[in-house]
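What the coordinates show
Here are the chains, one letter per residue:
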Amino acid sequence: MTCVITGAGSGIGRATAVEMSRRADYDTLVLIGRHSETLAETKICLENKKKIILKAFDLTDFGAIPILVQDIFMECENIQCLLNIAGYTEPQALLTTSLENMKTTFEVNVFAPFVLIRECVRFMRLNDRPSKILNVASTAGVTARPGWLSYASSKAALVSLSQTLSEELAEYRIKVYCVSPGRCATALRKKLAPDEDQTVIMQPDEVGRIICDLVSNDEYCLDGQNIIIRKK
Amino acid sequence: MEYSAIILAGGAGTRMKQASPKQFLLLAGKPMFMHTLERLEKISSIKEIILVSVPQYRELLAANIDAYMLQKKYLIVDGGESRQQSVLNGILAASQDNVIIHEAARPFVTTDEFQALIDEPCEDAIYGADIPFTVLLKKNGFISNILERSELLNVQLPQKFGRQPILDVHQRAAAEGKRFTEDASMLYYYTGREIKILPGSHCNIKVTEPIDLILGEFIYKEYIIGRD
Ligand SMILES: NC(=O)c1ccc[n+]([C@@H]2O[C@H](COP(=O)([O-])OP(=O)(O)OC[C@H]3O[C@@H](n4cnc5c(N)ncnc54)[C@H](OP(=O)(O)O)[C@@H]3O)[C@@H](O)[C@H]2O)c1
């Protein structure tokens, strides 16, 4: 059973891959990120019971995603789970937000998950057991975040995309989850809040554990919602 | 036993007040006809699917078969002047000994229901439901006679027939210029054959009026995917 993880070279994606490698639900993990070095570092952190495939790939290369997904299917013979964790932000005030900023943010945070989901669903439809898709949005997608216009609006789009697909894909027995973490100690968060003490906020492994719980074979009641993950 | 599935997918859709015919409207995010095709794809004894439609929708049908990566053998044939002629065109194109006749405007038939029709030992079988309301005969705007409700049947699709018997009666009806609203009536009229009635679901509505599409979304959620 294969699980594809984007953003696996750092932060929440890496922590999820590490946690997933300790669990029995999936025997093959496909790790996607732009940099082969960081993916290789993630691989070193994993328990080595599973088949691990590294794919250095820029997810804004939309035209190549169908081939990427097809290659994964050929190599693994199934795609059971897709975790869209990769994300991008360049926080700016409205008057300094360029169209480029908007475009890149939506490309990584919305268009890439959309194309990946579309291509994976072609194969997931054929699975005997229920398949799972999980998208990492953000609490920024459901509340006002002055200064984070492109990021917050892209995450809102991802929340909506997840909810729509959770119904549209239900007949294929594909469950669509959406999680929205609050502040979590990663490089992306550093960009959003440069002065914050990251030792006192939620850590990536805490989010990773919840993601793994949601896409485990035992969970089948929590899809179709925007699940907030926050350390109180 | 192996089957050709004949799917009527070509009415002009004037009653729906929509630009595109109803079979192409999105129901729960998917073109209406695709609900049926995806379920038929899962049934191994269906060897080919014949879509009967008007010529201008050929490309659209083919593009969707492609986009949904459907695997079975598909034939798209032109419909005729009437429903009866369209069915006949479908039967003529069929290569298997048995046919299933269905229409794209009935998207709430599950894979299990198609399978149960196939598994029914009687060669000719249809779905039908009781009529939960009273039906009377009328003439010139007045009631002309009563009918016994318990003896009446709401005839549904899908239906299955041996290809040769249903072809024979269609050709006979065509030669005689005789019209039937559906095929079980025609087969029974000419041959008196035993046609088995399987209990149909009241969710198996035919999407005809605009309100049916709204009701259909509820039926889909409740009956097909079981969501509230
Ligand atoms: N940290 C938080 O407080 C927080 C809160 C809510 C939601 N989130 C979300 O959590 C997810 C993970 O972020 P993180 O916090 O763990 O930050 P992170 O460590 O910076 O991770 C972001 C990941 O996205 C990948 N990525 C970015 N652009 C890409 C592209 N074009 N192609 C492929 N991969 C790309 C990066 O990999 P490469 O650079 O190697 O390509 C990186 O591994 C994001 O979706 C983020 O929005 C984070």
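**Digging into the overall build of chain A**
- Within chain A, the secondary structure is distributed over 7 helices and 7 strands.
- Written out in order from the N terminus, the α and β elements of chain A read β-α-β-α-β-α-β-α-β-α-β-α-α-β.
- Taking 17 Å as the expected radius of gyration for a compact globule of 232 residues, we find that chain A reaches 17 Å, a close match to that expectation.
- With respect to the principal axes defined by its C-alpha atoms, chain A has extents near 50 × 35 × 35 Å.
- Just so you have it, chain A exposes about 10400 Å², and 54% of that area is on carbon and sulfur atoms.
- Here chain A contributes 27 positive and 28 negative side-chain charges, whose respective centroids are spaced 3 Å apart.

**Digging into the site of the ligand**
All names here are of chain A.
- Close contacts around the ligand come from 29 residues, with S10, I12, R34, Y151 and T186 the closest.
- One of the backbone N or O atoms of G11 is found 3.4 Å from an oxygen atom in the ligand.
- The pocket occupied by the ligand, as judged from atoms lying within 2 Å of grid points, is the largest pocket.
- Contributions of two or more residues to the shell around the ligand are made by α1 (11-22), α5 (149-168) and α6 (187-192).
- In terms of residue count, the dominant contributor to the shell around the ligand is α6 (3 residues).

**Quick look at the sheet that holds strand β1 (residues 3-8) of chain B**
Residue and element names in this part refer to chain B.
- Spatially, β5-β4-β1-β6-β10-β7-β11 is the arrangement adopted by the 7 strands of the open sheet, whose pairing is mixed. Since the sheet does not close on itself, it has two edges, and those belong to β5 (73-78) and β11 (196-199), each with one partner. Direction aside, neighbouring strands of the sheet carry axes that sit 25° apart on average.
- Pairing geometry for β1 and strand β6 (residues 98-103), over 6 bridges, is parallel. Paired with S4 across the two strands is V99, which belongs to β6.

**What about the layout of surface pockets?**
All names here are of chain A.
- The computed volume of the largest pocket comes to approximately 1100 Å³.
- Lining the largest pocket are 47 residues, with I85, G87, Y88, T186 and L188 positioned closest to its centre.
- Where the lining of the largest pocket is concerned, the elements lending two or more residues are α1, β2 (28-33), α4 (99-124), α5 and α6.

**Quick notes on the packing of aromatic side chains**
- Taken as a whole, this structure holds 8 aromatic pairs over all chains when the rule is applied.
- Plain terms: the ring middles of Y189 of chain B and Y190 of chain B are 5.0 Å apart, the flat faces sit at 80° to each other, and that makes the pair edge-to-face.
- The class of Y189 of chain B is partly exposed, set by a relative accessible area of 49%.
- Taking relative accessible area as the criterion, Y190 of chain B reaches 13% and is therefore assigned buried.
- Taken together, the ring pairs in this structure connect F24, F33 and Y57 of chain B into an aromatic cluster.
- Seen from the ring of Y172 of chain A, R125 of chain A lies directly overhead, with NZ or CZ sitting 5.9 Å from the centre.

**As for the nonpolar core**
- Counting residues in each nonpolar core, the largest one holds 64 residues, and the members touching the most others are I133 of chain A together with L37, I46, I49 and L51 of chain B.
- When residues in this core are grouped by element, the largest group, 9 residues, is from α4 of chain A.
- Contacts of I133 of chain A, omitting those with residues within four sequence positions, involve L82, N84, I117, V121, M124, L169, I174, K175, V176 and Y177 of chain A.
- Within the second largest apolar cluster, 29 residues are counted, among which are L39, L46, L83 and L134 of chain A.

**Examining the confidence of the model for chain B**
- Predicted confidence across chain B gives a mean pLDDT of 94, with 96% of residues reaching 70 or more.
- Per-residue pLDDT stays below 50 along residues 13-17 of chain B; that stretch engages in 13 contacts with residues further than four places along the chain or on separate chains.

Quick notes on the rules
Residues numbered from 1 in each chain as written. Chains lettered and ligands numbered in written order. Predicted model: local features only at pLDDT ≥ 70, side-chain atom pairs only at ≥ 80, totals over all residues. Heavy atoms only, no water. Helix = DSSP H or I, 4+ residues; strand = E, 2+ residues; numbered from the N terminus. Rg over C-alpha atoms; globule rule 2.2 N^0.38 Å. Areas by Shrake-Rupley, 256 points an atom, 1.4 Å probe, with all protein chains shown as cover. Lys, Arg positive; Asp, Glu negative; His and termini not counted. Charge placed at Lys NZ, Arg CZ, Asp CG, Glu CD. Near = heavy atom within 4 Å. Polar contact = N/O pair within 3.5 Å; in protein donor to acceptor, adjacent residues only side chain to side chain. 1 Å grid on protein atoms, 1.4 Å probe; cavity = no way out; pocket = protein on both sides within 12 Å on 5 of 7 lines; lining within 4 Å. Sits in = over half its atoms within 2 Å of the grid points. Pairing = 2+ DSSP bridges. Axes fitted to C-alpha atoms, helices over the stretch in contact; angles between N-to-C directions. Points joined across faces, edges and corners; volume = space filled by probe spheres on them. Phe/Tyr/Trp six-rings, centres within 6.5 Å; stacked < 30°, edge-to-face > 60°. Buried < 20%, exposed > 50% of the residue type's maximum accessible area, 1.4 Å probe, protein only. Lys NZ or Arg CZ within 6 Å of the ring centre and 35° of its normal. Core = buried A, V, L, I, M, F, W, Y, C linked by side-chain atoms within 4.5 Å. Contact = heavy atoms within 4.5 Å. pLDDT = per-residue confidence, 0-100.

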